[in-house]
Amino acid sequence: MGVSTVTARTSVPVWDEQPGRRSVPLAQVLVYELRVRDAMSKPPVTAAPQDSLRSIQHLMKAHKFSGVPIVEGDRLVGLVSIEDIINALDRGHINEPAERHMTRNVVTLRDHYSLLRAVAEFERHGFGRFPVLDAGDRLVGMITRGDITTCLMHHLEKRAEEAIAHEAALVAARVADEKAERVVIRAPVRTGDYDSAGKVSQRMRQVLRERGIDPEVRRRAAVVAYEAETNIIIHSLGGEIVVTIDPDKVVIEANDVGPGIENIELAMQEGWSTAGRLPRELGFGAGMGLPNIKRCSDRLEIQSDSEHGTRLRAEIFLKRAGGAE
Ligand SMILES: Nc1ncnc2c1ncn2[C@@H]1O[C@H](COP(=O)(O)OP(=O)(O)OP(=O)(O)O)[C@@H](O)[C@H]1O
Ligand SMILES: [Mg+2]
């Protein structure tokens with residue numbers, strides 16, 4: 001890409017570096033963003049060319065307008081202002097039709113103009129109001145300086161309310177976050193209830209997903225919860241699963257009432273299983289559950305005896321997706 005240098009004899013700074021000069025006030029931004037159609041009053045109150053100036057005077061009084069556009073259909077053909085009415089009263093032609101005395105070269109604004117441009121037009125012409133035309137030259141509204149002010153105030157208010165609501169939502173989210181720091185999922189597990197296998201694991205994964213936990217970590221936690229739960233279903237007389245999700249780790253506890261694991265060392269070996277026919281038919285009993293739990297946990301404790309049953313406690317350290325702890 002070529003670079004060209006323009007050398008000027010005198011340089012005029014675009015911004016003189018007054019402090020705060022570059023900060024653009026909200027009202028100014030709104031003046032750019034808002035259109036004439038946002039501020040104008042619509043539909044316009046109009047009169048026909050044949051209407052008497054007297055009737056237009058009444059119209060003005062009723063609506064507190066100081067100018068009434070004269071239309072044929074939706075075409076603007078003139079404007080009767082309060083001055084025209086005063087002149088008519090002075091000169092005694094108040095009962096004559098509008099078309100004889102109305103202003104015909106009416107200066108109009110387009111509905112798509114920015115309010116910034118509208119303000120400039122008010123300054124330039126010094127008129128109290130402008131008829132507003134759309135792109136198809138149809139009269140669609142009237143606009144006064146007052147309409148612009150009202151519109152700006154309304155939008156400033158709206159923005160302020162939005163800002164307050166946004167702030168409140170942020171605070172609420174923070175409070176919810178703090179409250180949600182620990183989630184405990186607790187579920188009883190019944191012997192032989194194969195249909196329920198995996199429910200605790202599923203709920204846990206949902207929470208971990210919402211917290212943006214790394215998918216690989218989520219899968220490990222899921223394996224532990226699922227295998228521990230199915231062991232209670234298959235091998236025990238019933239028990240409970242408690243999953244405690246903290247910001248830094250998830251703790252999976254599987255406690256049952258017996259009969260306990262006869263030989264933990266053997267049970268931890270791959271392929272060792274005492275599962276009967278039914279669980280094997282259902283796809284369990286490969287002897288892989290405990291070895292998988294061990295592989296997937298960062299910390300694992302198993303206590304088991306025939307008197308108290310089996311207590312398994314596994315910890316998985318959490319990290320957020322994308323590598324951040
Ligand atoms: N909660 C428990 N209560 C009593 N015995 C258990 C318990 N959990 C495991 N065991 C014993 O340990 C063995 C090994 O468990 P592991 O989960 O590794 O394999 P499995 O459950 O038999 O098969 P898989 O998990 O592959 O479906 C089981 O066959 C069972 O004898
Ligand atoms: Mg198992």
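What counts as what
Residues numbered from 1 in each chain as written. Chains lettered and ligands numbered in written order. Predicted model: local features only at pLDDT ≥ 70, side-chain atom pairs only at ≥ 80, totals over all residues. Heavy atoms only, no water. 1 Å grid on protein atoms, 1.4 Å probe; cavity = no way out; pocket = protein on both sides within 12 Å on 5 of 7 lines; lining within 4 Å. Points joined across faces, edges and corners; volume = space filled by probe spheres on them. Helix = DSSP H or I, 4+ residues; strand = E, 2+ residues; numbered from the N terminus. Nonpolar A, V, L, I, M, F, W, Y, C, P; charged D, E, K, R; others polar. Pairing = 2+ DSSP bridges. Axes fitted to C-alpha atoms, helices over the stretch in contact; angles between N-to-C directions. Near = heavy atom within 4 Å. Polar contact = N/O pair within 3.5 Å; in protein donor to acceptor, adjacent residues only side chain to side chain. Areas by Shrake-Rupley, 256 points an atom, 1.4 Å probe, with all protein chains shown as cover. Sits in = over half its atoms within 2 Å of the grid points. Expected span 1.5 Å × (residues − 1). Buried < 20%, exposed > 50% of the residue type's maximum accessible area, 1.4 Å probe, protein only. Contact = heavy atoms within 4.5 Å. Core = buried A, V, L, I, M, F, W, Y, C linked by side-chain atoms within 4.5 Å. Parallel < 35°, antiparallel > 145°, perpendicular 65-115°, else oblique. Left-handed = near helix turned anticlockwise from the far one by under 90°. Phe/Tyr/Trp six-rings, centres within 6.5 Å; stacked < 30°, edge-to-face > 60°. Lys NZ or Arg CZ within 6 Å of the ring centre and 35° of its normal.

Enquirer: I'm lost on the layout of surface pockets in this one. Help?
Expert: Any space left empty among the atoms is revealed by the rolling of a water-sized probe across them. Taken as a whole, the largest pocket holds about 640 Å³ of empty space. In terms of lining residues, the largest pocket is bounded by 31 residues, among which Asn-231, His-235, Ile-261, Thr-274 and Leu-290 are the most central. Secondary-structure elements contributing two or more residues to the lining of the largest pocket are α8 (215-235), β8 (249-256), α11 (289-296) and β10 (309-317). Taken together, the residues of the lining of the largest pocket sort by class into 16 nonpolar, 12 polar and 3 charged.

Enquirer: Looking at this structure, I do not really get the sheet that holds strand β6 (residues 183-189). What am I missing?
Expert: Whenever strands of a sheet pair, they do so through backbone hydrogen bonds, lying parallel or antiparallel. Here 5 strands make up an open sheet; going across it, the order is β6-β7-β8-β10-β9 and the pairing antiparallel. At either margin of the open sheet sits one strand with a lone partner, and together these are β6 and β9 (299-305). Taking each pair of neighbouring strands and ignoring which way they run, the sheet shows an average axis angle of 10°. Where β6 lies against strand β7 (residues 239-245), 7 bridges are found, and the strand directions are antiparallel. Bridge assignment links Arg-186 to a residue of β7, and that residue is Val-242.

Enquirer: In this structure, what is going on with the site of ligand 1? I would like to understand it.
Expert: Near ligand 1, the surroundings consist of 19 residues, among which His-235, Ser-273, Thr-274, Gly-285 and Leu-290 are the closest. A distance of 3.0 Å is found between an oxygen atom of ligand 1 and a backbone nitrogen or oxygen belonging to Gly-289. Within the contact set of ligand 1, an oxygen atom lies 2.8 Å away from a backbone nitrogen or oxygen of Leu-290. Alone, ligand 1 offers 590 Å² of accessible surface; in the complex the protein occludes 95% of this. Here ligand 1 occupies the largest pocket. At the level of secondary structure, the elements contributing two or more residues to the shell around ligand 1 comprise α8 and α11. Looking at the shell around ligand 1, its residues break down into 8 nonpolar, 9 polar and 2 charged.

Enquirer: Looking at this structure, I do not really get α8. What am I missing?
Expert: Note that an α-helix has 3.6 residues per turn; residues three or four places apart therefore point the same way. Taking 1.5 Å of rise per residue, the 21 residues of α8 would be expected to cover 30 Å, and the 30 Å separating its terminal C-alpha atoms lies within 8% of that figure. Here α8 lies mainly inside the structure; 15 of its 21 residues are buried. For α8, the N-terminal cap is Asp-214; the gap from its side-chain oxygen to the backbone nitrogen of Glu-216 is 3.1 Å.

Enquirer: Honestly, the side chain of Asp-256 in this entry has me stumped. Any pointers?
Expert: When you line up the elements, Asp-256 lands in strand β8. Within the local environment of Asp-256, its side chain forms a polar contact with the backbone nitrogen of Gly-258, the two atoms lying 3.0 Å apart. Beyond its immediate stretch of four places on either side in the chain, Asp-256 contacts Ile-232, Ser-236, Gly-238, Gly-239, His-308, Gly-309 and Thr-310.

Enquirer: Any chance you could explain the pairing of strand β5 (residues 139-144) here in plain terms?
Expert: The two faces of the sheet receive side chains in turn, since in a regular strand these alternate between them. Burial analysis of β5 places 5 of its 6 residues in the buried class, which makes it a mostly covered element. With 5 bridges joining them, strand β4 (residues 129-133) and β5 adopt antiparallel strand pairing. Residue pairing for β5: Val-132 is matched across the bridge by Gly-141. Counting the residues in the hairpin turn of β4 and β5 gives 5 residues, including Asp-137, whose phi is positive at 65°.

Enquirer: Explain the nonpolar core here, please?
Expert: The tendency in soluble globular proteins is for nonpolar side chains to be buried side by side. In this structure, Met-204, Val-243, Ile-245 and Val-250 are the most contacted members of the largest nonpolar core, which totals 37 residues. Of all the secondary structure elements, the ones that give two or more residues to this core are β6, α7 (199-210), α8, β7, β8, α11 and β10. In terms of residue count, α8 provides more of this core than any other element does, 9 residues in total. In this structure, Leu-115, Phe-122, Phe-130 and Leu-152 belong to the second largest nonpolar core, which totals 17 residues.

Enquirer: How should the packing of α7 against α8 be read in this particular structure?
Expert: In a packed pair of helices, the relevant descriptors are the angle between the two axes and the axis-to-axis distance. Interhelical geometry of α7 versus α8 gives an angle of 160° and a closest axis separation of 8 Å. With respect to α8, the element α7 is oriented roughly antiparallel. Of the two elements, α7 crosses α8, and the hand of that crossing is right-handed. Of the residues in α8, those touching α7 at Lys-199, Val-200, Ser-201, Met-204, Arg-205, Leu-208 and Arg-209 are Arg-218, Ala-221, Ala-222, Ala-225, Tyr-226 and Glu-229.

Enquirer: Honestly, the packing of aromatic side chains in this entry has me stumped. Any pointers?
Expert: Remark: the centre distance and the inter-plane angle together describe each pair of aromatic rings, the angle taken between the planes. Under the counting rule described, the total for this entry stands at 3 aromatic pairs. Residues Phe-127 and Phe-130 carry aromatic rings whose centres are separated by 5.8 Å and whose planes lie at 65° to one another, so their mutual orientation is edge-to-face. Under the relative-accessibility criterion, Phe-130 is labelled buried at 0%. For the pair Tyr-194 and Phe-284, a centre-to-centre distance of 5.7 Å together with 25° between the ring planes defines the contact as stacked. Remark: Phe-284 occurs in the loop between α10 (277-281) and α11 and Tyr-194 occurs in the loop between β6 and α7; sequence separation between them is 90 residues. Summarising the burial analysis for this pair, Tyr-194 and Phe-284 share the class buried. Taken together through their ring pairs, the aromatic side chains of Phe-122, Phe-127 and Phe-130 make up a single cluster. In this arrangement the basic side chain of Arg-117 is found over the ring face of Tyr-113, its NZ or CZ atom lying 3.8 Å from the centre.

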